[in-house]
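In case you want the letters, here they are:
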Amino acid sequence: MADRRSLALFGAATALLAAIPAAYFVIKRSFKDKRVQLQYTSSQFILAAGAIPFQFDAAGIPKRVLLAHYTERDEWLLSKGRKDEGEDLATTATREVFEETGYPCRLHPVRLLPTCAPSPSLLPESGIQPQSARLAHNSSEPFMLTLRPVGLDKQKLIFWYIGAVDVPYDVAEDLASTDRMPAGTHQLAEGFGEVKLWDIPDALEVLSYEGDRELVRTAVAILASET
């Protein structure tokens, strides 16, 4: 009797193992069928960009981040905005920082940046590169993307870059940027009053939205991986 039970259990286990590949195929096919491709016309999407404008010390460590205060709603925000016609997104990101704060901003090349962008140095000899993430060296590619519904039928895509303001760290001790730089070209017209270089922990406290805090934390983590 024990032998019969053992044989029955063995047979059931064998059948179960044999069914795993078929079950995997069915499950995979089911998930694949549920992936829906969405398409939008040019009147239904808005392209925008922003930068996390860090102030770096002499060793290249990010110490402060530049924020703008939106007076009407009493909010501290990161600078961002829509791209102009014919403008590339990286230029949009740095332009928006300057317009809203008065601080010239440049993209900061990240020594090791996770990205799905293919490496031009490997094309075309390598053929089609996989769409998985890789570590790009000294890259200024966007490090994050925000998808934001606008109204009932539009999507705003905000591409975020890691930036730098060229202000020596040792001469900006707890100083509001409005005390150092002329107002940005669009700063007052767009409702921004004070702009300030905040120590990163303080910036995470005063930023008004969790999404902005997540952007700063992610950028800091990426830069920390360089050391």
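You'll find the structure just up there.
In every chain, residue numbers begin from 1 and rise along the written sequence. In keeping with the model being predicted, local features are shown solely for residues with a pLDDT of at least 70 and side-chain atom pairs are shown and tallied solely at 80 or more, while totals for entire chains, interfaces and linings include all residues. Side-chain numbers come from the whole structure's heavy atoms, not from hydrogens or water.

As for the overall build of the chain
Strands are runs of DSSP state E lasting at least two residues, helices are runs of H or I lasting at least four, and both sets are numbered from the N terminus onward. Within the chain, the secondary structure is distributed over four helices and 10 strands. Secondary structure of the chain in N-to-C order comes out as α-β-β-β-β-α-β-β-β-β-β-β-α-α. A 1.4 Å probe rolled over the protein chains alone gives each residue an accessible area, and that area as a share of the maximum for its type sets the label: buried under 20%, exposed over 50%, partly exposed in between. For the chain, the proportion of its 227 residues judged to be buried stands at 35%. Contact between two residues is taken to exist if any of their heavy atoms lie within 4.5 Å; hydrogens are not considered. When contacts within the chain are restricted to residue pairs at least 6 apart in sequence, those whose partners lie at least 24 apart make up 67%. Residue exposure ignores everything except the shown protein chains as possible cover, and the areas themselves are Shrake-Rupley values with a 1.4 Å probe. Total accessible area on the chain is roughly 14,200 Å²; 59% of this is exposed by carbon and sulfur atoms.

So, empty space enclosed by the protein
Residues are called lining when one of their atoms sits within 4 Å of a cavity or pocket point, these points coming from a 1 Å grid over the protein atoms alone, where a cavity is a set in which a 1.4 Å probe fits but cannot get out and a pocket is an open set with protein on both sides within 12 Å along at least five of seven lines. Grid points are joined across faces, edges and corners, and a volume is the space filled by probe spheres set on the points. Within the structure shown, the criterion is met by one cavity of 30 Å³ or more. In this structure, the largest cavity encloses a volume near 40 Å³. Forming the walls of the largest cavity are Leu-107, His-108, Val-110, Leu-113, Ser-139, Ser-140, Glu-141, Phe-143, Tyr-161 and Ile-162. Secondary structure elements with two or more residues in the lining of the largest cavity: β6 (110-115) and β9 (154-165). Note on residue classes: Ala, Val, Leu, Ile, Met, Phe, Trp, Tyr, Cys and Pro are nonpolar, Asp, Glu, Lys and Arg are charged, and everything else, Gly too, is polar. In terms of residue class, the lining of the largest cavity is built from six nonpolar, three polar and one charged.

Thoughts on unusual backbone geometry
Phi is positive for Asp-74, which is not a glycine, with a value near 55°. Position of Asp-74 relative to the elements: it lies in the loop between β2 (62-70) and β3 (75-77). What makes Asp-74 exposed here is its relative accessible area of 57%.

Some points on helix α2 (residues 89-101)
When the terminal C-alpha atoms of α2 are compared, their 18 Å separation across 13 residues agrees well with the 18 Å that a helix rising 1.5 Å per residue should span. For α2, the tally of buried residues reaches 11 of 13 residues, placing the bulk of the element in the interior. Within α2, burial applies to Leu-89, Ala-90, Thr-92, Ala-93, Thr-94, Arg-95, Glu-96, Val-97, Glu-99, Glu-100 and Thr-101. For α2, the elements touching its buried residues are β1 (45-56), β2, β4 (80-82), β5 (105-107), β9 and β10 (192-199). Any pair of nitrogen or oxygen atoms within 3.5 Å is treated as a polar contact; in protein, a donor-acceptor pairing is required on top of that, and neighbouring residues in sequence qualify only through side-chain atoms on both sides. A side-chain oxygen of the first residue of α2 lies 3.2 Å from the backbone nitrogen of Ala-90; this N-cap is Asp-88. The span expected for a helix works out to 1.5 Å for each residue beyond the first.

Re the packing of aromatic side chains
Stacked, edge-to-face and tilted are the three classes for Phe, Tyr and Trp ring pairs, Trp counted by its six-membered ring, which pair at centre distances within 6.5 Å; planes under 30 degrees apart are stacked, over 60 edge-to-face, the rest tilted. What the rule picks out here adds up to three aromatic pairs. The interplanar angle of 65° and the centroid separation of 6.0 Å between the aromatic rings of Phe-54 and Phe-56 together place this pair among those described as edge-to-face. Phe-56 matches Phe-54 in its accessibility class, with the two residues each being buried.

So, the environment of Leu-113
Within the secondary structure, Leu-113 is located in strand β6. Taking C-alpha positions, Leu-113 is 8.0 Å from Arg-134, a pair spaced 21 residues apart along the chain. Apart from residues lying up to four places away in sequence, Leu-113 is in contact with Arg-134, Leu-135, Ala-136, Ser-139, Glu-141, Pro-142, Phe-143 and Ile-222.

Side note on the pattern of salt bridges
By convention in these notes, a salt bridge is any Lys or Arg side-chain nitrogen within 4 Å of a carboxyl oxygen on Asp or Glu. In total, this model carries 10 salt bridges according to the counting rule given. The salt bridge involving Arg-95 is made with Glu-96; its shortest N-O contact spans 3.1 Å. For Glu-96, a relative accessible area of 5% gives the class buried. Among the ionic pairs, Glu-210 bridges to Arg-217, the shortest N-O distance being 2.3 Å. For Glu-210, a relative accessible area of 41% puts it in the partly exposed group. Beyond isolated ion pairs, a larger network of salt bridges with shared partners links Asp-84, Glu-87, Arg-95, Glu-96 and Glu-99.

Remarks on the side chain of His-69
Its place among the elements puts His-69 in strand β2. Within the structure, the side chain of His-69 is placed 2.7 Å from the side chain of Asp-74, a separation counted as a polar contact.

A short note on the layout of surface pockets
Quantified by volume, the largest pocket comes out at close to 580 Å³. If you trace the largest pocket, you find 26 residues lining it, with Lys-80, Gly-81, Glu-100, Arg-148 and Lys-156 closest to the centre. Looking at the lining of the largest pocket, the element that brings in the most residues is α2, giving four residues. Per-class residue counts for the lining of the largest pocket are nine nonpolar, three polar and 14 charged.

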